[in-house]
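Overview (structure and organization)
Residues per chain, in single letters:
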Amino acid sequence: MPRFPRKRVLVTGGAGFLGSHLCERLVADGHEVICVDNFYTGTRENTLALHGHPRFEVIRHDITFPLYVEVDEIYNLACPASPVHYQFDPVQTTKTSVHGAINMLGLAKRVKARILQASTSEVYGDPAVHPQREDYWGNVNPIGPRSCYDEGKRCAETLFFDYWRQHRLRIKVARIFNTYGPRMHPDDGRVVSNFIVQALRGEPITLFGDGSQTRSFCFVSDLVDGLVRLMDTGDEVTGPVNLGNPAEVTIRGLAERVIALTGSASRIETRPLPADDPHRRQPDIAAAKAALGWAPAVGLDEGLAQTIAYFDRLLGTGSVRT
Ligand code: NAD
Ligand code: UDP
């Protein structure tokens, strides 16, 4: 059912993995969607299904520069999310998070739009509290290789709350935990896509460290639903709200699941653990349940099966029996 009244919605980073799914959901809900992206990690192919749609348009733009559009809502997703990509040009990563947030908040202030920030579990750093609740302030290295992303996102949260306190802006902050699914880029570098692509190609599975570190993986459709629900809450709900699937797995466990589900002959090969790689990560989603009536519905095996089928088609490996 379309959500009424129809709104004009800006999605920055709309050509990326999460952004493209969000654009599709918003168009399906009956809204007009403006996708803004500089194609740093996103692609035009990601929004191919929407090209030519009368309620969808794409603008090539870098959000570190001001943008003038008239919109009712802004989802600010622009920022590379994979460690490989955000560490490639760390200064640009911080600029995207900080200058980008300032520009989008300034836009929201001018046009009186509601604005949602795609923040991250990385604001908790290598957490000393487990699972992570929103009132935990985190354990973040300010000068390490992940800092451009972690501190950039933390500063963006600060800016959102200062615009809320100072200018009464209508803000929403979502702390997104590891999310995966179809349309991740095969060279994205994040663990789920890496392991699936390696398994389908029969290449070694690159396990960093001993694989005892944990993550909690959320399927993309669940995450997008959480973002839309958060945007639709009343003005009193600002967040931050954790959005993620609390089912925690070790990275070695994930490698074994991928091998089992693909039927691959790939072997696991260990590589050095990258600096500051968080040891554990699991969202406490009590706040999302209470404020949004939201909880993830797609389990890891089901989500992995859909993602494997996607990569199998994309790579033409033909390994998956359907
Ligand atoms: P992604 O890399 O696929 O998408 C990011 C998009 O932003 C890309 O299309 C990229 O081209 C665009 N972009 C980057 N810099 C830009 C700039 N300066 N101006 C305009 N566009 C720019 O990553 P994703 O997984 O889709 O992540 C989307 C958002 O969600 C990011 O802000 C990320 O930090 C956040 N997030 C994602 C996850 C996850 O697991 N997927 C977890 C936590 C937070
Ligand atoms: N990882 C891995 N092999 C890979 C890529 C990642 O073992 O080829 C590990 C990485 O060290 C981390 C976890 O998988 O412990 C998740 O990494 P990712 O880059 O997906 O996201 P992060 O949560 O670290 O930002």
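What comes next concerns the included structure.

Calculation notes
- Residues numbered from 1 in each chain as written.
- Chains lettered and ligands numbered in written order.
- Predicted model: local features only at pLDDT ≥ 70, side-chain atom pairs only at ≥ 80, totals over all residues.
- Heavy atoms only, no water.
- Buried < 20%, exposed > 50% of the residue type's maximum accessible area, 1.4 Å probe, protein only.
- Helix = DSSP H or I, 4+ residues; strand = E, 2+ residues; numbered from the N terminus.
- Pairing = 2+ DSSP bridges.
- Near = heavy atom within 4 Å.
- Polar contact = N/O pair within 3.5 Å; in protein donor to acceptor, adjacent residues only side chain to side chain.
- Areas by Shrake-Rupley, 256 points an atom, 1.4 Å probe, with all protein chains shown as cover.
- Axes fitted to C-alpha atoms, helices over the stretch in contact; angles between N-to-C directions.
- Contact = heavy atoms within 4.5 Å.

Our focus in this paragraph is the pairing of strand β5 (residues 114-120). For β5, the buried fraction is high: seven of the seven residues fall into the buried class. Every second residue of β5 is oriented toward a common face, with R114, L116, A118 and T120 on one face and I115, Q117 and S119 on the other, all of them buried. Here four bridges tie strand β4 (residues 73-76) to β5, and the two strands are oriented parallel to one another. Following the sheet pairing, Y75 is matched in β5 by L116. Examined bridge by bridge, β5 and strand β6 (residues 171-176) share six bridges and lie parallel to one another. From the neighbouring strand, A118 faces β6, where its bridge partner is A174.

We now examine the site of ligand 1. Lining the immediate surroundings of ligand 1 are 30 residues, of which D37, T41, Y149, K153 and T179 lie closest. At 2.9 Å from an oxygen atom of ligand 1 is found a main-chain nitrogen or oxygen belonging to F17. Here an oxygen atom of ligand 1 sits 2.7 Å away from a polar atom, N or O, in the side chain of T41. Coverage of ligand 1 by the protein chains reaches 97% of its 820 Å² of free accessible surface. For the shell around ligand 1, the secondary-structure elements that each account for two or more residues are α1 (17-28), α3 (90-111), β5 and α4 (147-167).

This brings us to the sheet that holds strand β1 (residues 8-12). The strands making up a sheet associate through hydrogen bonds between their backbones, and the pairing can be parallel or antiparallel. An order of β3-β2-β1-β4-β5-β6-β11 is seen for the seven strands of this open sheet, with the pairing classed as parallel. Both outer strands of the open sheet, β3 (56-60) and β11 (241-243), are each paired with one neighbouring strand and no more. Neighbour-to-neighbour, the strand axes of this sheet turn through a mean angle of 20°, independent of strand direction. Across five bridges, the pairing between strand β2 (residues 32-37) and β3 is parallel. Bridge assignment links I34 to a residue of β3, and that residue is E57. The sheet strands contacting α1 are β1, β2, β3, β4 and β6, and the helix crosses β1 at an angle near 170°. Together, β1, β4 and β5 form the strand contacts of α3, whose direction differs from that of β4 by roughly 170°.

So, about unusual backbone geometry. Along the chain, H130 connects to P131 via a cis peptide bond; the corresponding omega equals -10°. Position of P131 among the secondary structure elements: in the loop between β5 and α4. For the bond from G239 to P240, the omega torsion is 5°, close enough to zero to count as cis. Examined against the element boundaries, P240 turns out to sit in the loop between α6 (220-231) and β11. Phi is positive for K112, which is not a glycine, with a value near 60°. Relative to the helices and strands, K112 is located in the loop between α3 and β5. Of note in this structure, D276 is not a glycine but carries a positive phi near 65°.

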